[in-house]
Structure formats: structure tokens, C-alpha cells
Amino acid sequence: MAAAAETLKCEDLKPIEDDWTIVIRKRTNQKRKFPKLKPSKQQEQQTQWAPTDIETTPEKELKLMHKIQISIEKLEKSQFFTAFLDQIRTPEASQHFENITESKRKLKMVIYGIGSIESYESPRLQLSLAILMKKNLEWIGDMEVFDPIISLTESKVMEELGVRVLSVNEQGKREVVDPILFFMPHCEVELYDNLLKTNWKHELLNKIILLGNSFDKYEQQHRLVSKNQDLDDSRKHLLAIKRFTKEFEIRTISDDFFRAFHGSSWHFFSVDYDIDL
Ligand SMILES: C[S@@+](CC[C@H](N)C(=O)[O-])C[C@H]1O[C@@H](n2cnc3c(N)ncnc32)[C@H](O)[C@@H]1O
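In this report, the structure presented in the accompanying data block is examined. All of these numbers come straight from a predicted model, not from anything done at the bench.

Basis of the calculations
- Residues numbered from 1 in each chain as written.
- Predicted model: local features only at pLDDT ≥ 70, side-chain atom pairs only at ≥ 80, totals over all residues.
- Heavy atoms only, no water.
- 1 Å grid on protein atoms, 1.4 Å probe; cavity = no way out; pocket = protein on both sides within 12 Å on 5 of 7 lines; lining within 4 Å.
- Points joined across faces, edges and corners; volume = space filled by probe spheres on them.
- Nonpolar A, V, L, I, M, F, W, Y, C, P; charged D, E, K, R; others polar.
- Helix = DSSP H or I, 4+ residues; strand = E, 2+ residues; numbered from the N terminus.
- Contact = heavy atoms within 4.5 Å.

### What about empty space enclosed by the protein?
Part 1: Under the defined criterion, the tally for this structure stands at three cavities of 30 Å³ or more.
Part 2: There is about 50 Å³ of room inside the second largest cavity.
Part 3: Every residue along the wall of the second largest cavity is listed here: Phe 80, Ala 83, Phe 84, Gln 87, Ile 250 and Arg 251.
Part 4: Taken together, the residues that form the lining of the second largest cavity break down as four nonpolar, one polar and one charged.

In C-alpha cells, the structure reads:
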């Protein structure tokens, strides 16, 4: 069990009665292969990147653009999206957003680990959510995206939609000079940990808004199954920041959006200046 739980993967986890359990495979026979973040020093380094799948045609790009537009329309009309915006605007949540956004007119949104928008609906819905957030929330500025599996077709379509594709694999290690909203849908735990480790100072952590896998769930999983030092090392910043984290869970509302957004939460960090991290 501990080995199977080594990383929280989007496809391998499913909440049962508000708890997380490891499942073998669910809801589909499609096999999804994701590059895994490896822990070796060399692979943790930030490297120049370009798509490996470079076959594209105007027809392919048009077809993908059409798919994304359908996905944006579906999401925009959904109860899920209404509830998503309502949650951001509740007095408690909006206070947290305002604390970070007031110092800067527009926040950059950095999206890591979007997956293949050409092959799967979840990544398309996740990209659609990012685009609709920008449309509906005036404090969101430029958008950047990175996933090592992005193809040239996907890259061109995202650029056309106003989302800049990064040419460096940052391994999640972006330093937060100005406040940033990180959208990391169902990323592996090492990527969240890299982000936290890079910004391991109160003044940097406090400038992060993170929409991604629930840290609560990681902590619950840690209490239940972790006896493994490697496993603990891969998430040690995440577990350490937990007590300074305010989390708001996203409600998926309907089955249509379960796969794309289950187990996701907003996270805000509030670390006092006198805390010795
Ligand atoms: C579990 S999948 C989630 C994919 C998609 N968001 C979803 O929910 O179906 C994790 C994704 O992280 C990507 N990934 C791996 N290393 C990454 C890195 N250094 N930066 C950004 N994304 C990365 C993988 O390629 C993969 O697409």
C-alpha cells in the first residue's frame, strides 16, 4: 500500500466519504502516461524545453480550437462554474484573495501540469477554467503554462488563446517576486514541494495563491499510510507549511466536472515574520 501511494496521482486517487483512498484505475480504459518528476539532482534542474511532438497542420489546430471552445462553453454555463465564482466571492475567501491582490493591480497566473488538451477532456476543462477565471476576475493578468508533454499543436492553440507556453522546464521552482496565482491541477506532489521549497521565506510564501491538490488530503494520507522516509522527503515542505495554510475546497457539484477538479482546493499561506521556518 505504501509503495502504491508513493505519489498522489490524478488518476490513482478517489475520495470516498470525504477521505482519500488509492484506487487501481477508474472510469476509463484509456491509459495515460505522464512523465514523472524524478528526484535526481540533474533532473531537478531547470532546462530549456521545446515540444517533442512537432507534427501539426492548420486543420489539426482548428479542430483543437473548436474542442476548447466547446469545453469553455460547457463550463461557463455550468452550475459548477457558478459555484466556483460564488466561493471566491464569499466574505471569508475574498478577504484572503484581497490580502494578496491589493498590492498588485494584476496577478500573473502560472499553470503547471495541464496535461494533454488534445487527448483528454480534463485538461481541456482545466484550461477552460483558467481562461474563464481571467475573463471573470479583473485581478488576473498574463497567463503562462507549462507541461513537458505539450505538443506543437497544443502550444500554438494555447498561444492563440492568450496563454504563453514557457520554453523552460522550471520544475515548479518559480520564485515569487510579485504575487502569483499558481494553478497546478492534479500535479504530482514533488512539483508542489519544489514550489514551496523555492519560496521558503515568509515574505515569498505569503504572496502565493495556489489552486491545486488538497494539502488537507495529503496530510490525511500522510497520517494514514506514511512510514516511508523517501515519501516524507518528497512532501516535507508541503507538510510543514500545512499549519500556516488556509484551504478552501472546490466542490465539483456534478459528475461532468468530477474528473477534472476532484480533490482540488484554494490554498493561502500566512506565515508570521517571527516564525523560524
Ligand atoms: C497527474 S498529471 C495531471 C494532468 C492533468 N492536469 C489532469 O488532471 O488530467 C500531472 C502532469 O504534470 C506534468 N508534469 C510533469 N513534470 C512537470 C513539470 N516539471 N512542470 C510542469 N508539469 C509537469 C505531467 O506531464 C502531467 O501531465
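### With respect to the environment of Ser 270
Part 1: Relative to the helices and strands, Ser 270 is located in the segment after β11 (264–269).
Part 2: Note: C-alpha distance between Ser 270 and Ile 241 (29 residues apart in sequence) is 9.1 Å.
Part 3: Leave out the neighbours within four places in its chain, and Ser 270 touches Asn 206 and Phe 244.

### Some thoughts on the environment of Arg 243
Part 1: With respect to the element layout, Arg 243 can be found in the loop between α10 (236–241) and β10 (245–249).
Part 2: Spatially, the C-alpha atoms of Arg 243 and Val 271 are 9.2 Å apart, while their sequence positions differ by 28 residues.

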